[in-house]
Amino acid sequence: MKTKLLSLKIILAILLILPLFPAGPARAGLTSTPFPDVDSAKYSWAVQSITFMAQSGILQGYPDGTFKPGRYVNKEEWAVMVYRLFDKYRPSLRSDALNYSRPSYVDVPSSHWAYREISDTFVAVGDMTVTARNGKSLFNPEYAFTRWDLAMMLYGLYGIDGGPESTNVCGDMNRFKDITTRLFNTENELESFRSKDNRYNSELPPGGIYPILFLKEADGTCGANYDDYSALAAGALIEMNKTGILTADAAGKFYPSAKLTRAEAVTVLHRILDHLKTRGVLGNYSSINPTGILRPVPMPAPKPGEAAEGPGSFDRDLQRDGEFNTIVYPNGKKYMRLELTSKDAADLYLYMNGDIAFLRQEELPRYVQVDRVSQIGIKSQSRNPEKRSPLAAYPATLKVTFHDEIPSTGTGTGKPGKDNGGQTGGVTAPPGAAAVQDLKNQGEINQTFAPNGSKYMNVNLISQDKVDLYVQLGTGTAFLKQEELPAKINVQGMSSVTVRTQSRNPEKRTSQQTYNAYLYVTFSN
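Here the structure is a predicted model, which means the values were calculated and not measured.

Here's the deal with the packing of aromatic side chains
Thought 1: The tally for this structure, following the rule as stated, stands at 11 aromatic pairs.
Thought 2: Their ring planes at 75° and their centres at 5.9 Å tell us that Trp78 and Phe145 sit as a pair that is edge-to-face. Of this pair, Trp78 sits in helix H3 (residues 75-85) while Phe145 sits in the loop between strand S2 (136-138) and helix H6 (147-158); the two residues are 67 residues apart in sequence, bridging distant segments of the chain.
Thought 3: Centre to centre, the rings of Tyr470 and Phe479 are 5.0 Å apart; their planes meet at 50°, and the pair counts as tilted.
Thought 4: When its relative accessible area of 41% is taken as the criterion, Phe479 is described as partly exposed.
Thought 5: Following the ring pairs from residue to residue traces out a cluster consisting of Trp148, Tyr210 and Tyr229.
Thought 6: The ring of Phe139 is capped by Lys75, whose NZ or CZ atom sits 3.8 Å from the centre of that ring.
Thought 7: Against the face of Phe254 rests Arg147, its NZ or CZ located 4.8 Å from the ring centre.

So, in structure tokens, the structure goes:
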């Protein structure tokens with residue numbers, strides 16, 4: 001017998017059981033903006049919402065009087081806007097109805113500037129951007145929302161309802177040309193696929209997307225209620241599009257990986273407010289009453305590169321548009337090359353597998369090994385934005401390319417030497433290393449590992465210069481040249497294994513550079 005997963009429906013129904021309060025005083029319709037950098041022609045679809053939110057006290061401009069409509073919105077900024085706008089809606093405090101409690105995030109301590117807003121407003125329903133490390137939840141406050149993230153969260157937290165439930169889910173989903181779906185004829189086929197993509201036993205990075213799974217019914221229709229993730233995703237996309245809050249464009253593209261800008265964020269919030277008023281439940285959520293709102297106008301398609309579908313050359317004015325904040329996908333490539341040119345000094349943060357790597361602009365261009373990573377978040381950080389002239393532009397270009405191998409640089413070895421950008425090359429390894437050490441300043445790596453009954457040890461080494469390995473086994477010492485790595489070594493019956501690095505030409509190192517080595521050790525049977 002087919003067992004549908006109805007927990008999501010029950011949660012959403014309870015979320016809407018709230019006492020009805022009278023709405024606050026009406027505000028006049030607004031069609032102009034007080035911010036000089038919001039061009040009324042370019043942002044015609046957002047002008048009314050930006051002005052309404054500013055005059056309602058939901059948002060404020062920057063100290064220089066600008067709004068920066070093209071700048072991306074991160075989670076902590078979104079939480080503050082939601083907290084102010086939906087001043088009657090505190091789902092994390094409603095333990096009587098939902099058995100919720102104030103969430104605890106290790107990266108949002110009580111001293112965090114938006115602690116109350118985040119803690120009172122966010123619950124787990126639909127928030128797929130919460131991750132975990134060592135069994136503790138991470139809110140990721142600086143993560144910039146994608147359109148997919150937002151659709152899932154809004155549907156879960158606010159129960160967006162555009163009318164009668166869809167009776168043709170597959171047909172309704174066909175309008176989204178850039179959303180991956182799969183249709184199965186039997187539950188066994190669906191379950192087999194779901195178990196292989198491991199969607200409930202692994203952590204999907206923020207912004208990541210699993211395929212939406214459908215099951216063909218006996219009457220020829222299809223349903224998504226056989227998989228909780230698919231039920232939430234399909235329901236969210238259909239309802240968001242139906243209500244006009246967050247829609248596909250005329251070509252059917254939803255741009256799920258595109259980041260949300262400040263102009264888009266306030267427009268979405270304004271549309272939600274109007275939708276709740278139309279449904280007659282606004283008083284459950286907010287005392288702010290929108291009047292005369294323009295019906296939803298399609299937002300423009302994201303700029304090239306913002307949809308985070310692959311590599312490219314991304315251009316921004318860091319003063320006007322804010323920092324780079326995007327996601328790129330290696331798609332099986334082994335190396336990513338990064339290059340950043342900017343009018344003023346700016347560095348890069350890389351978000352990979354839940355860890356963060358920092359690259360100073362002087363270290364770029366650089367190759368980064370990414371064969372263990374499914375997606376990479378890239379964020380720039382200007383060093384001295386307070387010293388900029390408010391009248392000047394600060395253009396910057398971020399170049400991202402992917403490679404199967406590091407191209408030859410004229411050294412005759414095909415290995416890293418002087419990078420094509422003219423600066424010292426090398427490789428920045430991804431997170432997850434068993435040991436990381438600057439071989440010049442800290443000496444060689446010398447570490448002991450316990451196999452704990454495993455049969456094999458898998459070992460690899462990523463280093464900025466030539467380094468080999470000595471592996472001390474119970475039966476003697478094995479020598480592995482760097483070119484022979486990665487390697488698999490039989491360690492059955494051994495209680496410990498010691499791995500030591502040996503640099504080949506330490507006397508040729510320069511005093512201005514670090515020489516990091518990343519040792520990877522895992523055990524298997």
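Quick word on the packing of H3 against helix H10 (residues 262-278)
Thought 1: It is at 11 Å that the axes of H3 and H10 come closest, and there the two elements cross at 30°. What the angle tells us is that H3 and H10 run roughly parallel. Where H3 crosses over H10, the two elements pack in a sense that is right-handed. Each of Trp78, Met81, Val82 and Leu85 in H3 lies in contact with H10, whose residues at this interface are Ala265, Val266, Val268, Leu269 and Leu273.

Regarding the sheet that holds strand S16 (residues 446-449)
Thought 1: With antiparallel pairing, 4 strands are arranged side by side in an open sheet as S16-S21-S18-S19. Of all strands in the sheet, those bounded by a partner on one side alone are S16 and strand S19 (476-480). Here the strands of the sheet are splayed against their neighbours by 20° on average, with no regard to which way each runs.

Re the environment of Phe523
Thought 1: Here Phe523 lies in strand S22 (residues 516-524).
Thought 2: Considering only alpha carbons, one finds Phe523 and Val491, 32 residues apart in sequence, at a separation of 9.0 Å.
Thought 3: Those residues in contact with Phe523, other than ones at most four positions away along the chain, are Phe449, Ala450, Pro451, Ser454, Tyr456, Met457, Asn458 and Val491.

Quick notes on the sheet that holds S22
Thought 1: Strand order in the open sheet made by the 4 strands is S15-S22-S17-S20, with antiparallel pairing throughout. Strands at the two margins of the open sheet, each flanked by one partner only, are strand S15 (435-438) and strand S20 (487-490). Averaged over all pairs of adjacent strands, the angle between their axes in this sheet comes to 20°, without regard to strand direction.
Thought 2: Pairing between strand S17 (residues 456-463) and S20: 4 bridges, direction antiparallel. When the sheet's bridge partners are listed, Asn458 is paired in S20 with Lys488.

Observations regarding the confidence of the model for the protein
Thought 1: Per-residue confidence for the protein gives a mean pLDDT of 75; residues scoring 70 or more make up 75%.
Thought 2: Here residues 1-31 is a poorly scored stretch, pLDDT under 50, and it has 71 contacts once near neighbours within four places are set aside; other chains count.
Thought 3: Counting interchain partners and residues more than four positions distant, the pLDDT-below-50 stretch residues 409-425 has 37 contacts.

Things to note about the state of the cysteines
In a disulfide, the sulfur atoms of two cysteines are covalently bonded to one another.
Thought 1: Summed over all chains, the structure comprises 1 disulfide.
Thought 2: In this model Cys170 forms its disulfide with Cys222; the gap between the sulfur atoms is 1.7 Å. One disulfide, between Cys170 and Cys222, carries an S-S torsion of 125° and so falls in the right-handed class. Separated by 52 residues along the polypeptide, Cys170 in helix H7 (residues 169-173) and Cys222 in strand S5 (residues 222-223) bring together distant segments of the chain. Like Cys170, the residue Cys222 is buried in the burial classification.

What about the side chain of Glu117?
Thought 1: Structurally, Glu117 can be placed in helix H5 (residues 115-121).
Thought 2: One buried charged residue, Glu117, forms no salt bridge at all, with the nearest opposite charge on Arg84 at 5.7 Å.
Thought 3: Look past the residues within four positions of Glu117 in its chain and what remains in contact with it is Ala79, Val80 and Tyr83.

Things to note about the nonpolar core
Thought 1: Ranked by internal contacts, the top residues of the largest apolar core, which has 72 residues, are Trp78, Phe86 and Met173.
Thought 2: Counting residues per element, the ones that place at least two in this core are helix H2 (47-55), H3, H6, H7, strand S4 (212-216), helix H9 (228-243) and H10.
Thought 3: Contacts of Trp78, omitting those with residues within four sequence positions, involve Val73, Phe122, Phe145, Leu150, Met153, Leu154, Leu260, Ala265, Val268 and Leu269.

The rules we used
Residues numbered from 1 in each chain as written. Predicted model: local features only at pLDDT ≥ 70, side-chain atom pairs only at ≥ 80, totals over all residues. Heavy atoms only, no water. Phe/Tyr/Trp six-rings, centres within 6.5 Å; stacked < 30°, edge-to-face > 60°. Helix = DSSP H or I, 4+ residues; strand = E, 2+ residues; numbered from the N terminus. Buried < 20%, exposed > 50% of the residue type's maximum accessible area, 1.4 Å probe, protein only. Lys NZ or Arg CZ within 6 Å of the ring centre and 35° of its normal. Axes fitted to C-alpha atoms, helices over the stretch in contact; angles between N-to-C directions. Parallel < 35°, antiparallel > 145°, perpendicular 65-115°, else oblique. Left-handed = near helix turned anticlockwise from the far one by under 90°. Contact = heavy atoms within 4.5 Å. Pairing = 2+ DSSP bridges. pLDDT = per-residue confidence, 0-100. Disulfide = S-S within 2.5 Å. Lys, Arg positive; Asp, Glu negative; His and termini not counted. Salt bridge = Lys/Arg side-chain N within 4 Å of Asp/Glu carboxyl O. Core = buried A, V, L, I, M, F, W, Y, C linked by side-chain atoms within 4.5 Å.

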